[in-house]
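Commentary on secondary and tertiary structure
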Amino acid sequence: AEAQRLGHDSDAIVLVDRGEPEQGDGSSGATAVVADVAASPPSARPSSAEIERLFGDMDAAWDTHVSQGSRAESTWTIVEQTAMALARALRADALQALEANTIEALRAASQRSRGAVGLPEDAELTRALCKAQLESAMESESLVDLRMAIRFARQQGIEDLPGLGAGVIKEEELYIEQLRR
């Protein structure tokens, strides 16, 4: 995928052409990915519906910009504003999920972000979700849950997660115990 980094003092916007053919509804296969690193998030987490609306607004702004030859300054301004609104909403959502620190809240925020926006909180959100799932699986002593938590942490590249080694040992113990039954 081709990416272009466009600079601002405190924001980074990366345009990514996903290389997908035009959709049946006329939308392009391209999208904008935003890292809004300096903006402070709103105090209240937006609803899931608000986040969905912002993703729709982002797609529409991007499609309008692309249809005008990707050079129109006025449509680019709309893309930037919409992207920043989406990034702020997703950032607020991620921060609230991190504060709640429950598997449900962390998983929901991760799913709402769709992996579409590169925010500093993304890695922290994924790490917290891996840790919460591993701790829950260790506490429940469920072999299936433990395997899933270990697999998820490894898939996310979080091999240094505290407790992962103990989780692997516990998984082996539970497996041996299951074989003896």
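Remember, predicted model here, so these are calculated numbers, not experimental data.

The rules behind the values
- Numbers given to residues run from 1 along each chain, matching the order in which its sequence is written.
- With the structure being a predicted model, the display of local features is reserved for residues of pLDDT at least 70 and the display and counting of side-chain atom pairs for 80 or more, all residues being used for whole-chain, interface and lining totals.
- Side-chain numbers come from the whole structure's heavy atoms, not from hydrogens or water.
- Only DSSP runs of H or I with at least four residues qualify as helices, and only runs of E with at least two residues qualify as strands; both kinds are numbered from the N terminus onward.
- The buried label applies to any residue whose accessible area, calculated with a 1.4 Å probe on protein chains only, is under 20% of its type's maximum; exposed applies above 50%, and partly exposed to all values in between.
- Surface accessibility in these figures is a Shrake-Rupley result with a 1.4 Å probe; residues are shielded only by whichever protein chains are displayed.
- Any Lys or Arg side-chain nitrogen found within 4 Å of a carboxyl oxygen on Asp or Glu counts as a salt bridge.
- Surface patches are drawn from residues lacking salt bridges whose relative accessible area is over 30%; two like charges belong together within 9 Å, two nonpolar side chains (Val, Leu, Ile, Met, Phe, Trp, Tyr) within 5 Å.
- Contact definition: two residues touch when any of their heavy atoms are within 4.5 Å.
- Throughout, an axis means a line fitted to C-alpha atoms (over the contacting stretch in the case of helices), and angles, computed between N-to-C directions, take values from 0 to 180 degrees.
- Roughly parallel here means an angle under 35 degrees, roughly antiparallel means over 145, roughly perpendicular means 65 to 115, and every remaining angle is called oblique.
- A crossing counts as left-handed when the near helix is turned anticlockwise from the far one by less than a right angle, and as right-handed when that turn is clockwise.
- All amino acids are sorted into three groups, where Ala, Val, Leu, Ile, Met, Phe, Trp, Tyr, Cys and Pro are nonpolar, Asp, Glu, Lys and Arg are charged, and the leftover types, Gly among them, are polar.
- For every residue, the pLDDT score states the predictor's confidence, bounded by 0 at the bottom and 100 at the top.

Let's shift gears to the overall build of the chain. Looking only at helices and strands, the chain features 6 helices and 3 strands. In the chain, buried positions account for 39% of the 181 residues. Entry remark: accessible area of the chain is about 10,400 Å², with carbon and sulfur atoms responsible for 48%.

In the structure shown here, the tally under the stated rule is 10 salt bridges. For Asp-160, the salt bridge identified is with Arg-127, shortest N-O distance 3.1 Å. Residue Asp-160 is found in the loop between helix 5 (143-155) and helix 6 (164-180), and its partner Arg-127 is found in helix 4 (residues 120-140); the two are separated by 33 residues along the sequence. Assessed through its relative accessible area of 56%, Asp-160 is described here as exposed. We classify Arg-127 as partly exposed; its relative accessible area is 30%. Salt bridges linked by common partners bring Glu-50, Arg-53 and Asp-57 together as one network.

A cluster of nonpolar side chains, Tyr-175, Ile-176 and Leu-179, forms an exposed patch at the surface whose accessible area comes to about 290 Å². When you line up the elements, Ile-176 lands in helix 6. Owing to a relative accessible area of 41%, Ile-176 belongs among the partly exposed residues under this scheme.

Our focus in this paragraph is the environment of Glu-159. Among the structural elements, Glu-159 can be located in the loop between helix 5 and helix 6. Discounting chain neighbours no more than four positions away, the residues touching Glu-159 are Arg-154 and Leu-164.

Before going further, it helps to spend a moment on the packing of helix 4 against helix 5. It is at 8 Å that the axes of helix 4 and helix 5 come closest, and there the two elements cross at 160°. It follows that helix 4 is roughly antiparallel to helix 5 by the angle criterion. Seen along the crossing, helix 4 lies across helix 5 with a hand that is left-handed. Each of Leu-129, Cys-130, Gln-133, Leu-134, Ala-137, Met-138 and Ser-140 in helix 4 lies in contact with helix 5, whose residues at this interface are Asp-145, Leu-146, Ala-149, Ile-150, Phe-152 and Ala-153. Looking at the contact of helix 4 with helix 5 residue by residue, the classes come out as 10 nonpolar, 2 polar and 1 charged.

Mean pLDDT over the chain works out to 79, with 73% of the residues at or above the 70 mark. The weakest mean pLDDT in the chain belongs to strand 1 (residues 2-7) at 39; the strongest belongs to helix 5 at 96. Here residues 1-19 is a poorly scored stretch, pLDDT under 50, and it has 50 contacts once near neighbours within four places are set aside; other chains count.

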